[in-house]
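Residue-level listing of the chains:
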Amino acid sequence: MKEDKQDKQEASPRKAEIKALRAHLMGQQQAIRAKGLPILVLVEGWAAAGKGSLINELISELDPRFYNVVSPAIVPEEVSRYPFLHPFAAAMPENGKIMFYDSGWMEDCVRKLLRREITKDEYKKRVRAVNEFERQLRDGGYLILKLFLDIDRDEQRRRLRALRENFETEWRVTGEDLWQHAEYRTFRESYEDFMDKTGRLIPWHMLDGGKKSRAAHEALTLLNALVDRALEKGRYVGRPFEEDFPLQKLPKLAEVDLSPAIGDEEYREELKKLQKRLGELHNVIYRKKIPVILCYEGWDAAGKGGNIRRIARPLDPRGFDVMPIASPTPDELARQYLWRFWKRLPRSGHICIFDRTWYGRVMVERLEGFCSEDDWKRAYNEINEFERQLTDWGAVVLKFWIHIDQDTQLARFNDRQSTPEKQWKLTEEDWRNREKWPQYEQAVDEMLQKTGTENAPWFIIESNDKKYARIKTLRIVVDALEKAVEERM
């Protein structure tokens, strides 16, 4: 009671300070836009602690064109069709905007652990994924503020009762909220464990939800300090580092024998057999909800399109997508580079074929100067983490480098140029890239060596003979899906 009285006495002068803090934040919005600072504010806490009210306090004077508020739903694990970070990654703010998350990855992880929807081992993997996700955003220049609104059990009981007794607000109290209150001590231990494990890089700030004006003052102070510091020092750029991932042993491209070929009769027989089996497996992986991600990279004119068509031909069109990846749009350039791939991930049980991938970061973006050296060097580890999160989710991830030699490429370029119906396939950019063959080869060799992990392997597909390349790729896909199905029997 003493503290409540003291809080009321402090509330009046604090109102003036809150007003000044809001005005300062509002004044910084244009600078945030001009500097292209993306800001993520995560507001977690107890049911009825006042998360929505706190967000209202933070946004009340801001220009609504330059912020968003999202409340990602906690989807039960048995009906979830995407990796658990998918809704949070898909909602990441663009440069120059502020995104407020009304609950997020903490609540998702803790509730599912306590509901026994995920195992303790899965929980550990998700904690690791959260740390990786937050660090990747920070290293890419994102400002992240993590707040937790705390109230004691008696205060929560009082608030829940008041909400339930009011006809207009009773809908706001869910069975999940009542369960949380009944298991208050267990939830507190779990929240504290999560904050301890995910607060070492980007700290958590615990606010007293029982004192509304004080919590608003502290949150505004923290947000203003974060913004002011970034405006003064500029966007943070993380330094490259390498985690010890288990890697494949792959040859350099120059060491690959490109002579393998296949006869026409054998090709037709193998194609028919493998496509039939792939069509059968597609039904099985749909039923078992196994997501499949096939990644295609390779030289221009290497035969990626024809290879993809032979994979797609036996698949049910309702259960797969082909994602051709072109240069990023302005909307995509305004966010962390993996955002556009997070948004395109398949649902469980579906197949997604990427024609070009996130590996553009360490190839074309590296060589054409579209990102800094720190950015592309850091990307090897970020990509390995991203793919591990996909395989932890249960996805089969296979990556193909479609390989040809320079003479074969030149012959195919000339064929395209002299064939009217193929001319659209050949661009000035293709010729420019050809002139940089040695630089690209060096970049590809490094990419293969640093990102060919055991969980998401690379396969070099010899494609001087396109028919051989198609059969080899089909065999790899069929073998991998048969193994995945067998592991889930």
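This structure is a prediction, so every number in the text was calculated from the model and none was measured. (Residues numbered from 1 in each chain as written. Predicted model: local features only at pLDDT ≥ 70, side-chain atom pairs only at ≥ 80, totals over all residues. Heavy atoms only, no water.)

Focus on the overall build of the protein chain
Alright, step 1. Summing up its helical and strand segments, the protein chain has 19 helices and 10 strands in all.
Alright, step 2. Along the three orthogonal principal directions, the C-alpha set of the protein chain runs to about 90 × 50 × 40 Å.
Alright, step 3. Residue burial in the protein chain is summarised as follows: out of 489 residues, 54% are buried.
Alright, step 4. Positive and negative charge centroids in the protein chain, built from 85 and 84 side chains respectively, lie 3 Å apart. (Helix = DSSP H or I, 4+ residues; strand = E, 2+ residues; numbered from the N terminus. Buried < 20%, exposed > 50% of the residue type's maximum accessible area, 1.4 Å probe, protein only. Lys, Arg positive; Asp, Glu negative; His and termini not counted. Charge placed at Lys NZ, Arg CZ, Asp CG, Glu CD.)

Structural notes on the packing of aromatic side chains
Alright, step 1. Applying the stated rule across the entire model yields 23 aromatic pairs.
Alright, step 2. Judged by centre distance (5.1 Å) and plane angle (90 degrees), the ring pair of W358 and F386 falls under edge-to-face. With a gap of 28 residues between them, W358 in the loop between β8 (351-355) and α14 (364-367) and F386 in helix α15 (residues 373-393) connect regions that are remote in the sequence. With respect to burial, W358 and F386 carry one shared label: buried.
Alright, step 3. A cation over a ring is seen here: R335 above W339, with NZ or CZ 4.1 Å from the ring centre.
Alright, step 4. Of note, R366 hangs over the ring of W376, and the distance from its end group to the ring centre comes to 3.9 Å. (Phe/Tyr/Trp six-rings, centres within 6.5 Å; stacked < 30°, edge-to-face > 60°. Lys NZ or Arg CZ within 6 Å of the ring centre and 35° of its normal.)

Quick word on the pairing of strand β9 (residues 396-403)
Alright, step 1. Most of β9 sits out of view: 8 of its 8 residues are buried.
Alright, step 2. A two-sided burial pattern is seen for β9, the buried positions comprising V396, L398, F400 and I402 on one face and V397, K399, W401 and H403 on the other.
Alright, step 3. As paired strands, strand β6 (residues 292-298) and β9 are joined by 7 bridges and run parallel to one another. Within β9, the position partnered with G298 by the bridge is I402. (Pairing = 2+ DSSP bridges.)

Some thoughts on the sheet that holds β6
Alright, step 1. With parallel pairing, 5 strands are arranged side by side in an open sheet as β7-β8-β6-β9-β10. Only two strands of the sheet have a single partner each, and these edge strands are β7 (320-324) and β10 (458-462). Averaged over all pairs of adjacent strands, the angle between their axes in this sheet comes to 20 degrees, without regard to strand direction.
Alright, step 2. Running over the sheet, helix α18 (residues 437-451) touches β9 and β10 and is turned about 140 degrees from β10. (Axes fitted to C-alpha atoms, helices over the stretch in contact; angles between N-to-C directions. Contact = heavy atoms within 4.5 Å.)

Digging into the sheet that holds strand β1 (residues 39-45)
Alright, step 1. Within the open sheet, the 5 strands sit side by side as β2-β3-β1-β4-β5. Their pairing is parallel. Every other strand in the sheet has two partners, leaving β2 (67-70) and β5 (204-208) as the edge strands with one partner each. Strand-to-strand twist across the sheet, computed as the mean angle between neighbouring axes with direction ignored, equals 20 degrees.
Alright, step 2. For β2 and strand β3 (residues 98-102), the ladder comprises 4 bridges, and the chain directions are parallel. Looking at the pairing, V69 lines up with F100 of β3.
Alright, step 3. Relative to the sheet, helix α8 (residues 184-198) contacts β1, β4 (143-150) and β5, its axis offset from that of β4 by approximately 160 degrees.

Brief notes about the state of the cysteines
Alright, step 1. All told, the structure shown has 0 disulfides when counted by the stated rule.
Alright, step 2. For C371, which is in no disulfide, the shortest distance to another cysteine sulfur is to C295 and amounts to 19 Å. (Disulfide = S-S within 2.5 Å.)

As for helix α19 (residues 466-487)
Alright, step 1. Between its first and last C-alpha, α19 extends 32 Å over 22 residues, near the 32 Å set by a 1.5 Å rise per residue.
Alright, step 2. Three or more residues of α19 are buried, namely A469, R470, I471, T473, L474, I476, V477, V478, A480, L481, A484 and V485.
Alright, step 3. Between the side-chain oxygen of the N-cap and the backbone nitrogen of K467 there are 2.9 Å, and the N-cap of α19 in question is D465. (Expected span 1.5 Å × (residues − 1). Polar contact = N/O pair within 3.5 Å; in protein donor to acceptor, adjacent residues only side chain to side chain.)

Topic: the packing of helix α7 (residues 175-182) against α8
Alright, step 1. Orientation of α7 relative to α8, taken along the N-to-C sense of each, is 90 degrees, at an axis distance of 5 Å. Compared by their axis directions, α7 and α8 come out roughly perpendicular. Of the residues in α8, those touching α7 at W179, Q180, H181 and A182 are Y184, F187 and Y191.
Alright, step 2. Counted by class, the contact of α7 with α8 contains 5 nonpolar, 2 polar and no charged residues. (Parallel < 35°, antiparallel > 145°, perpendicular 65-115°, else oblique. Nonpolar A, V, L, I, M, F, W, Y, C, P; charged D, E, K, R; others polar.)

What about the pairing of β8?
Alright, step 1. Judged by how many residues are buried, β8 sits mostly within the fold: 4 of 5 residues are covered.
Alright, step 2. Across 5 bridges, the pairing between β7 and β8 is parallel. When the sheet's bridge partners are listed, M323 is paired in β8 with F354.

Remarks on the pattern of salt bridges
Alright, step 1. The full count for this structure, using the stated rule, is 54 salt bridges.
Alright, step 2. One salt bridge in this structure joins R126 and D108, with 3.9 Å as the shortest N-O distance. Here R126, found in helix α5 (residues 120-139), pairs with D108, found in helix α4 (residues 105-114); they are 18 residues apart in sequence, far enough to count as distant.
Alright, step 3. Judged by its relative accessible area of 11%, R126 falls in the buried class.
Alright, step 4. For D108, a relative accessible area of 3% translates into the label buried.
Alright, step 5. Among the charged side chains, a network of salt bridges with common partners joins E107, R111, R115, E176 and D177. (Salt bridge = Lys/Arg side-chain N within 4 Å of Asp/Glu carboxyl O.)

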